Amino acid sequence: MFLQFVFGLLLATLMIEAGLRITEVGRLWKALPIANYLPTEPDPHIAFAHVPDSEGFWINENRSLVRFNNHGLHDRDRTAEPPAGMFRVGVLGDSMVEALQVDQATTFTAQAEVVLEEAAEVINLGLSNAHQAVQIERWRQVGAAMNIDALVVVMSAVHDEGYSAYPIYRDDTVLPAYRQDDAGEWSISTKFTSSPDYRFFSNRLGRLLVVGLEHSRVARLVFNRWKTGLWREWRQGGGSNLPTEPTCKDISFDAQWRLWVQEVPNLANGRLNAYLNDLVEIGQTHNVPVVLLMLGPLYDCPYSLIRAPEFESAVIARTRSYDIDVRFAATEMRNIKPTADVRAFFGFGVDIGNGHLNTPGHKIMSTVLASIILTLMPQNTQIQPETEIEG
Amino acid sequence: MRFDTLHYFVFFAVVYVLWRLSPRGAFVLLIASTIFYVAENGNRDIAVFSGVILFNYVISFVVKKRFWLLIGILFNVIVLAFFKYRQFLLGDTWLGDFTTTGLFHNVAIPLGISFYIFQAIAYLVDVKRGHAPTVSSPHRFALFLGFFPQLIAGPIMRGAQLIPQLAGQWRGRGPKRRLVIWGLVLICAGIIKKVVLADSLAPFVDDIFHNGPANALSAWIGAGLFAFQIYFDFSGYSDMAVGMAYLVGIRLLLNFRQPYLSRSPREFWQRWHITLSTWIRDYLYIPLGGNRGSAPRQICVLIGVMGIAGLWHGANWTFIIWGIGWGTVIALWRWTPLRHLSGRLGWLITMLISTTLWVPFRAPNLDAAKSYLGTMVGFTSNGAVVYGFVSLFGLAALLGLHRLEAMAKGREFILFLRRINQPLWYGMLVGIIGWLLVMPKFVNAPFIYFRF
C-alpha cells in the first residue's frame, strides 16, 4: 500500500512536470502558472550573471519572455566591435534598465535606437539589483570590452544608498560592495566569491543543480519555493481589513536630499564619492563621456516638487566637480509631457504608480535617453528624435 | 489559515492522522478548530468569537420563548452590524464618529463573522421551531459553530444537519466507511480551481476593473472573467471545505451546482452559494411573507430580501445594488412573459444577466460600476485595458470546464471513484495537491469570500 502511495506521488510529479511544460506553449504562459527560471551562472565580477544565449520567463510584476543575448544581456545580439561608423552607447543601471518585466524590444534602450533611427547602438548593460558597486563591476565584466563611445549611467532611487532601503549594497558577501579600509580608502570588495552560495554554484554539485533547473520544471518549483521561503505564507500572515491612511511622504526625495545636499549619512556619502570617482576613472581610461541620468526622485509630493530645482542644482554642482554631466529623468519626462503624472509611467495593472517602468514609461524614457545620446554624438549627426508620446 | 497554503496542508495532514487514531474524533476537531482560528487571528477576533459562542449557547436554552429568540437574533445582528456596517449605516452622525474613533478606531471585521453569525441565528430559530436539538455542552456548541473547514467562508450549516454528525463523533461513533478518494478529489479540484484558475484570472480582472475597459468587448470579457474568477475562487474553497470535512467524517452541504448552466435567475440562486440562498429563503423571505400575498407585496419582499443578501457581502452600495438587481430580475422573470423562456435562450439571457450584475459586485464604488456598465453598452470609455477576440476563446474554454464539472459530480463518476479507491490514486491526488501548494504565489490573492 505504501509503495502504491509513493508511486502515486511520483505519477503526480510527472503530471505536474508535463502540465508546467504545457503552460509554456503559445501564449498560455501569459495567464497560467509556470515554473519561472532565468538561467544564471557564477561570475567573479558581479556574483551571478545571466547565461548567454538563454531565455526564461519573468512573472513578477508583469509577465514576459526574457531572452539574454550572446553576452548575457537583456539586449539583442551584439558584436564586440560596432559596425563601422556606428556610435555606440552603453547604458548601465539596475532593474530599471535591465527591465525584465517587458520584452527586449519594449525596453527604453531598444526604443531609443528606433528614436535615433538607428544612428546609434544603445547597449543595455542593466542588471537587476545592481547598486553602485555592482554597476562598476558590470562595466568591468562586459561593458569595457564592448568598444563603447559614451556611457549613460541610470541611477534609480532604490539603489543609490540615499534611500537605504536594501542592506545588500553594504554586504560584500552577497554582491560586490564598496568597503573602506583602515586608511579610509574606498574600494570594491568581491568577498562574495568566498560565500557558501557562490562556492556551491561554482562547484560540481551546484552545476548539477543548474542542469536540473534548466531541464526540470518541478526542480524549478522547488528551487523557487526554497528561495521565497517554504513557509512564506505563514510568515506573511492573513490579509488585513484595516483601512490605510493616505500620506504623501516622498521617502525617496528625503533620502536623496540628505545624501546629495547634506552629504549624510557619512558612510553612504563615502560610497557615493567612491562611485563617482570610479565613473570618472572609467571615462578617463576608456576616453568616453559619462552622463548620470537620475531616475529618481520623482518629486511625488508638492513639497518635493517645489524643492526640485534646489535639489537638482546641488546635484549638478556636486557632479560637476567630478566632471560628470547629470540629467534628471522626472524633470525631462515632465518637459516632454507636462500634463502627465510621472508616477503613472511606473508599475503594471493595479500597481500603476509603484514598481518598474511600464510600456508607456519605457516609451517616454526612450525619448529622454535619445535626447541625451544626441548631445553625446558627433556634431554632424542629423537626427530629429520623435517627441510624440502616446498615452 | 488559508486553505491554499503549505502550512495549512501540513496542519490538516496532522489533524487527519490524529483524528483517525483518536477514539473520539470530535476532541481532535475541537482542538484543531481552536488552533485554526487562533493561529492567524488577533485577540480581538478571538474575544468576539468566544463571546458569540457563549451568548448563543446560553440563550439557546431559553429560546423557545419568542422574547428570548428575538433577543438572541438582535444580539447577533447587532454584533454583525457593529463590526461590519457601523460606518456604512451611521456615516457622519455623532454615533458614527463615536464608533469609529478612539477605542473603536481601526476595529477590523473579525474573520468569518458573516458566516458564523448567520449559522448562529439559524440555530436559534431552528431550536425554537424544534427543527434542531439544543447542544448540551459549551465545547460541543463551540465545535458546531467553529468547525474549522466551514468556519471562515461556509457552507452555512443548519443545526439539524451538523449537530447529529458531531454528536456521533463525540460519542466515538463516527462514520465507519468513507470514500477517501472522494474527499481527496474534492480537495484537489478545489485547489486547482483556486491556484490554477482563479488566481490566474485575478490579475486580468484586477487590471480591467482598476484601469477601466477601453471598449464594450473588453468590458464584457472583463466581466465574464470576473464571473469565472469568483466562481472558481468561492467554489474552490467550498470544494476544499467539503472534501476536508468529508475526510474527517462530516458531510457538509455542497454550496454550488454549476450556476452558469442555469436557465433562469431563480435557478441561478438554486445553484449559487446554495447555503446562503436557502438561509435567506428560510429565515428572511418566508417569514416576511414569501410567496403569499399580492404580487406587489411579493415583489417588495423579494427585492428587499435580495438587497439584504447583497448587503451581507459587504458595507457598500455596490453590493446592495447587486442584490436588488437580482431581486428585480427574479421578479421580472416570475411575473412577465420572460418566465416562458427556457433552454438555450433562457441560459443565454441568464448568463448575460449574471455577468452584468457581477459588475457592481466587483466595482469598488457606484461611480466605477456606472462607468464600467456604460462601457459595456457602448458609451465612451476612458479605460485603458483592451481584451481582444482571443480572450473569448478563453471564456469559452472556462465555460466548457464548467460543463465538465457538472458531469464529474454525477453518479457515474462516484461509481468510478469507488472502483479506483486505492493508495495509488491517493498518492497521485496528494501529490498534485502538494505540488500546487508548493508553487510560490507572486500574487497575494486571498479567497474572495474571506473578505465577507
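Everything quoted here is computed from the prediction, not taken from an experiment.

**A few points about the overall build of chain A**
Phase 1: If you tally the helices and strands in chain A, you get 14 helices and eleven strands.
Phase 2: Taken over C-alpha atoms, the radius of gyration comes to 22 Å for chain A, in line with the 21 Å a tight globule of 391 residues would show.
Phase 3: Counting all 391 residues of chain A, 50% fall into the buried class.
Phase 4: In chain A, 67% of the contacts between residues at least 6 apart in sequence involve partners at least 24 apart.
Phase 5: In the form shown here, chain A has an accessible surface area of approximately 18200 Å², with 55% of it arising from carbon and sulfur atoms.
Phase 6: Here chain A contributes 33 positively and 46 negatively charged side chains, and the mean placements of these two sets differ by 6 Å.

**Let's talk about the overall build of chain B**
Phase 1: Per the secondary structure count, chain B includes 20 helices and zero strands.
Phase 2: For 452 residues, the compact-globule formula gives about 22 Å, and the C-alpha radius of gyration of chain B, at 22 Å, lands near that figure.
Phase 3: In terms of overall dimensions, chain B has a C-alpha envelope of 65 × 60 × 50 Å along the principal axes.
Phase 4: A total of 452 residues make up chain B; the buried ones form 56% of that total.
Phase 5: Relative to all contacts within chain B whose residues are 6 or more apart in sequence, the contacts with residues 24 or more apart total 78%.

**So, the pairing of strand β9 (residues 186-189) of chain A**
Residues and elements named next belong to chain A.
Phase 1: As judged from the four bridges shared by strand β8 (residues 177-180) and β9, these two strands associate in the antiparallel manner. Counterpart to Y178 in the pairing with β9 is I188.
Phase 2: Counting the residues between successive antiparallel strands, the hairpin from β8 to β9 contains five residues, one of them, G184, with a positive phi of roughly 85°.

**So, a nonpolar patch on the surface**
Phase 1: Taken together, A:L230, A:W231, A:W234, B:V10, B:V14 and B:L18 make up a surface patch of nonpolar side chains, about 540 Å² in accessible area.
Phase 2: Element by element, the count of residues in the nonpolar patch is highest for helix α1 (residues 6-21) of chain B, at three residues.
Phase 3: Relative to the helices and strands, A:W234 resides in helix α8 (residues 232-236).

**Some words on helix α17 (residues 366-376) of chain B**
Residues and elements named next belong to chain B.
Phase 1: Along α17, the positions that sit buried rather than exposed are A369, Y372, G374, T375 and M376.
Phase 2: On its buried face, α17 is in contact with α10 (180-211), α11 (216-247) and α16 (343-362).
Phase 3: The residue sitting at the N-terminus of α17 and contributing the capping side-chain oxygen is N365; that oxygen lies 3.2 Å from the backbone nitrogen of D367.
Phase 4: Looking at the residues trailing α17, positive phi occurs at G378, about 100°.

**Brief notes about the interface of chain B and chain A**
Phase 1: Facing 37 residues of chain B, the contacting portion of chain A comprises 39 residues.
Phase 2: Taken over both partners, the interface formed by chain B and chain A buries close to 3300 Å², and the fraction arising from carbon and sulfur atoms is 73%.
Phase 3: Counting across the interface, chain B meets chain A through zero salt bridges.
Phase 4: Linking chain B with chain A are six residue pairs in polar contact (both at pLDDT 80 or more).
Phase 5: Counting only elements with at least two residues in the side of chain B that touches chain A, the list comes to α1, α10 and α20 (423-438) of chain B.
Phase 6: The residue makeup of the side of chain B that touches chain A, split by class, is 23 nonpolar, ten polar and four charged.

**Quick word on the pairing of strand β5 (residues 87-92) of chain A**
Residue and element names in this part refer to chain A.
Phase 1: Within β5, six of the six residues are buried, which leaves the element mostly enclosed by the surrounding structure.
Phase 2: Burial along β5 is two-sided: the residues F87, V89 and V91 and R88, G90 and L92 are all buried.
Phase 3: Bridging between β5 and strand β6 (residues 120-124) involves five bridges; their strand directions are parallel. Across the sheet, residue R88 finds its bridge partner in β6, namely E121.

**Here's the deal with the nonpolar core**
Phase 1: B:Y116, B:Y260, B:W272, B:W358 and B:Y449 are the most contacted members of the largest nonpolar core, which has 156 residues in total.
Phase 2: Each residue touching B:Y449, except ones within four places of it in the same chain, is listed here: B:F115, B:A153, B:I230, B:D233, B:F234, B:W272, B:H273, B:W312, B:H313 and B:F361.
Phase 3: In this structure, A:I148, A:I188, A:F345 and A:L376 belong to the second largest nonpolar core, which totals 74 residues.

**What about the packing of α11(B) against helix α18 (residues 390-408) of chain B?**
All names here are of chain B.
Phase 1: Between α11 and α18, the shortest axis-to-axis distance is 10 Å and the interhelical angle comes to 30°. When the axis of α11 is compared with that of α18, the two are roughly parallel. The handedness of the crossing between α11 and α18 is left-handed. Of the residues in α18, those touching α11 at L217, I221, G224, L225, F228, Y231, F232 and D239 are S391, L392, L395, L398, L399, H402 and E405.
Phase 2: When its residues are assigned to classes, the contact of α11 with α18 shows ten nonpolar, three polar and two charged.

**A look at the environment of A:I148**
Residue and element names in this part refer to chain A.
Phase 1: When you line up the elements, I148 lands in the loop between α4 (132-141) and β7 (150-155).
Phase 2: Sequence spacing of I148 and V6 is 142 residues, and the spatial spacing of their C-alpha atoms is 58 Å.
Phase 3: With residues up to four places along the chain from it excluded, the contact list for I148 reads R88, V89, G90, L125, W139, G143 and V288.

**Here's the deal with the environment of B:M240**
Residues and elements named next belong to chain B.
Phase 1: Topologically, M240 is positioned in helix α11.
Phase 2: By relative accessible area, which is 1% here, M240 ends up buried.
Phase 3: Put simply, M240 and P23 are 217 residues apart on the chain and 25 Å apart in space, counted from C-alpha to C-alpha.
Phase 4: When sequence neighbours within four positions are dropped, the list of residues in contact with M240 reads F3, L186, I187, G190, I191, K194 and F447.

**Quick word on the confidence of the model for chain B**
Phase 1: Put simply, chain B has an average pLDDT of 89, and 93% of its residues get 70 or more.
Phase 2: Confidence metrics for the complex model read pTM 0.88 and ipTM 0.86.

**So, the side chain of A:R220**
All names here are of chain A.
Phase 1: Among the secondary structure elements, R220 is positioned in helix α7 (residues 217-228).
Phase 2: For the buried R220, no salt bridge is present, and the opposite-charge side chain at shortest range is E24, 4.0 Å distant.
Phase 3: Setting aside anything within four residues of it in sequence, one finds R220 in contact with E24, A35, N36, Y37, L213 and E214.

**Some words on the pattern of salt bridges**
Phase 1: Summed over all chains, the structure comprises 22 salt bridges over all chains.
Phase 2: One salt bridge connects A:D300 with A:R343, and the closest N-O pair in it is separated by 2.4 Å. One end of the pair, A:D300, is in the loop between β10 (290-294) and α11 (302-306); the other, A:R343, is in the loop between α13 (329-336) and α14 (359-376), with 43 residues separating them in the sequence.
Phase 3: Exposure remark for A:R343: the relative accessible area of 26% places this residue in the partly exposed category.
Phase 4: Across the salt bridge formed by B:K370 and B:D367, the nearest N and O atoms sit 3.9 Å from each other. Of this pair, B:K370 and B:D367 both sit in helix α17, three residues apart, roughly one helical turn. You'll find B:K370 and B:D367 in the same group, each marked exposed.

**Here we look at the confidence of the model for chain A**
Reading fine detail from the predicted coordinates is not recommended where pLDDT is low.
Residues and elements named next belong to chain A.
Phase 1: In this model, chain A carries an average pLDDT of 88, and 90% of its residues clear a pLDDT of 70 or more.
Phase 2: Low confidence marks residues 238-245, where pLDDT is under 50. Its contacts with residues over four positions away, or in another chain, come to eight contacts.
Phase 3: Contacts of residues 387-391 to residues separated by more than four positions or lying in other chains number nine contacts, the stretch itself having pLDDT below 50.

**A look at the packing of aromatic side chains**
Residues and elements named next belong to chain B.
Phase 1: Counting across every chain of the model gives 68 aromatic pairs over all chains.
Phase 2: Aromatic pair F12 and Y16: ring centres 6.4 Å apart, planes at 20°, arrangement stacked. On the criterion of helical spacing, the pair formed by F12 and Y16 is a turn pair, its members being four residues apart in helix α1. The pair formed by F12 and Y16 is uniform in burial state, with each residue classed as buried.

Reading the values: the criteria
- Residues numbered from 1 in each chain as written.
- Chains lettered and ligands numbered in written order.
- Predicted model: local features only at pLDDT ≥ 70, side-chain atom pairs only at ≥ 80, totals over all residues.
- Heavy atoms only, no water.
- Helix = DSSP H or I, 4+ residues; strand = E, 2+ residues; numbered from the N terminus.
- Rg over C-alpha atoms; globule rule 2.2 N^0.38 Å.
- Buried < 20%, exposed > 50% of the residue type's maximum accessible area, 1.4 Å probe, protein only.
- Contact = heavy atoms within 4.5 Å.
- Areas by Shrake-Rupley, 256 points an atom, 1.4 Å probe, with all protein chains shown as cover.
- Lys, Arg positive; Asp, Glu negative; His and termini not counted.
- Charge placed at Lys NZ, Arg CZ, Asp CG, Glu CD.
- Pairing = 2+ DSSP bridges.
- Patch = residues over 30% accessible without salt bridge, like charges linked within 9 Å, V, L, I, M, F, W, Y side chains within 5 Å.
- Salt bridge = Lys/Arg side-chain N within 4 Å of Asp/Glu carboxyl O.
- Polar contact = N/O pair within 3.5 Å; in protein donor to acceptor, adjacent residues only side chain to side chain.
- Buried area = accessible area lost by both parts, 1.4 Å probe.
- Nonpolar A, V, L, I, M, F, W, Y, C, P; charged D, E, K, R; others polar.
- Core = buried A, V, L, I, M, F, W, Y, C linked by side-chain atoms within 4.5 Å.
- Axes fitted to C-alpha atoms, helices over the stretch in contact; angles between N-to-C directions.
- Parallel < 35°, antiparallel > 145°, perpendicular 65-115°, else oblique.
- Left-handed = near helix turned anticlockwise from the far one by under 90°.
- pLDDT = per-residue confidence, 0-100.
- Phe/Tyr/Trp six-rings, centres within 6.5 Å; stacked < 30°, edge-to-face > 60°.

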